[in-house]
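Descriptive analysis of the structure
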Amino acid sequence: MKVPTWAYVIGILMMLFGGCNISRDLKNINISKITEKYSKVYEEIQESSTDSLNNIASDTTVIDSAEIERIKSHKKIIKTIKNMTVIDDFTKKWTKIFGYLGLMVSIIYILGGLFLMIIRKFSIKLVYFALGLSIIFSIFKLVVFSSSSSSNFITFSSGFSNSFSIIIDIILLIIILVMDKEIYYMKEDYEDDEPL
């Protein structure tokens, strides 16, 4: 029995999305290391700006007010960027938890895509389960992160990513619902008739 073209297309898309999600989940698991690294970079840049400002201020022979203003504005920009990327403990904790849970969801998502291209008795049910689980998981992440007190770029981008994921999953689910899945049910009937 030939697998329909739509099943190949959606199966490949699900495996690609699942692979991208695994990459994101692994980054989320290592969120503490990543934020520490960025924090050190920001501190070094800020120290460099402070040193430059102190050197100019201590040099009494040449005081360039434009240079002082440039360094002060540079420090303000660095501070703003740091405040946008600082993650509170609540967000850090939940990002790590969602990283581990997301790995499981992503693996199920990939398996759903794979088994959509392999006609099995449970293929369609697995795909429905994978898409439904992904939608519920994304909604749960949106709810948790929206209750966070920190409103930074990372929280915003996570909310955007989860919203986009929900839309994609709903579109894939609608496509699968409207497509002809008779071949999967024929396989199911055929397997039920086989003697043990």
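Note that the structure is a prediction, hence the values are computed from the model and not measured. (Residues numbered from 1 in each chain as written. Predicted model: local features only at pLDDT ≥ 70, side-chain atom pairs only at ≥ 80, totals over all residues. Heavy atoms only, no water.)

What follows covers the overall build of the chain. Looking only at helices and strands, the chain features seven helices and zero strands. Along its sequence from the N terminus, the chain presents helices and strands in the succession α-α-α-α-α-α-α. A buried classification covers 34% of the 196 residues belonging to the chain. Counted over contacts in the chain with a minimum sequence separation of 6, partners at least 24 positions apart contribute 85%. Summed over its atoms, the accessible surface of the chain is roughly 12100 Å², and 66% of this surface lies on carbon and sulfur atoms. (Helix = DSSP H or I, 4+ residues; strand = E, 2+ residues; numbered from the N terminus. Buried < 20%, exposed > 50% of the residue type's maximum accessible area, 1.4 Å probe, protein only. Contact = heavy atoms within 4.5 Å. Areas by Shrake-Rupley, 256 points an atom, 1.4 Å probe, with all protein chains shown as cover.)

Mapping Ser138 onto the fold places it in helix α5 (residues 123-146). When its relative accessible area of 3% is taken as the criterion, Ser138 is described as buried. Among all residues touching Ser138, those that are not within four sequence positions of it are Asn162, Ser165 and Ile166.

A word on helix α4 (residues 89-116). The terminal C-alpha atoms of α4 lie 40 Å apart, and with 28 residues this matches the ideal 40 Å at 1.5 Å per residue to within 8%. Within α4, the axis deviates most sharply at Leu101, by approximately 25°. Within the span of α4, buried status applies to Thr91, Trp94, Thr95, Phe98, Gly99, Gly102, Val105, Ser106, Tyr109, Gly112, Gly113 and Leu116. (Expected span 1.5 Å × (residues − 1). Bend = angle between axes of the 7 residues up to and from the residue.)

Let's shift gears to the nonpolar core. Counting residues in hydrophobic clusters, the biggest one holds 17 residues, and the most contacted among them are Trp6, Met14, Leu116 and Tyr184. Broken down by secondary-structure element, the contributors of at least two residues to this core are α1 (5-29), α4, α5, α6 (153-178) and α7 (182-193). Here Leu116 is in contact with Val3, Trp6, Ala7, Ile10, Gly11, Ile124, Val127, Ile176 and Tyr184, once residues within four sequence places are set aside. (Core = buried A, V, L, I, M, F, W, Y, C linked by side-chain atoms within 4.5 Å.)

Counted by the stated rule, this structure contains eight aromatic pairs. Each ring, one from Phe115 and one from Phe122, has its centre 5.0 Å from the other, and the planes form 55°; the classification is tilted. Relative accessible area serves as the criterion here: at 39%, Phe122 is assigned to the partly exposed category. (Phe/Tyr/Trp six-rings, centres within 6.5 Å; stacked < 30°, edge-to-face > 60°.)

The next point concerns the side chain of Asn162. Relative to the assigned elements, Asn162 resides in helix α6. What Asn162 contacts, discounting residues up to four positions off in sequence, is Ser138, Lys141, Leu142 and Phe145.

Limitation: the analysis is restricted to geometry and does not speak to function.
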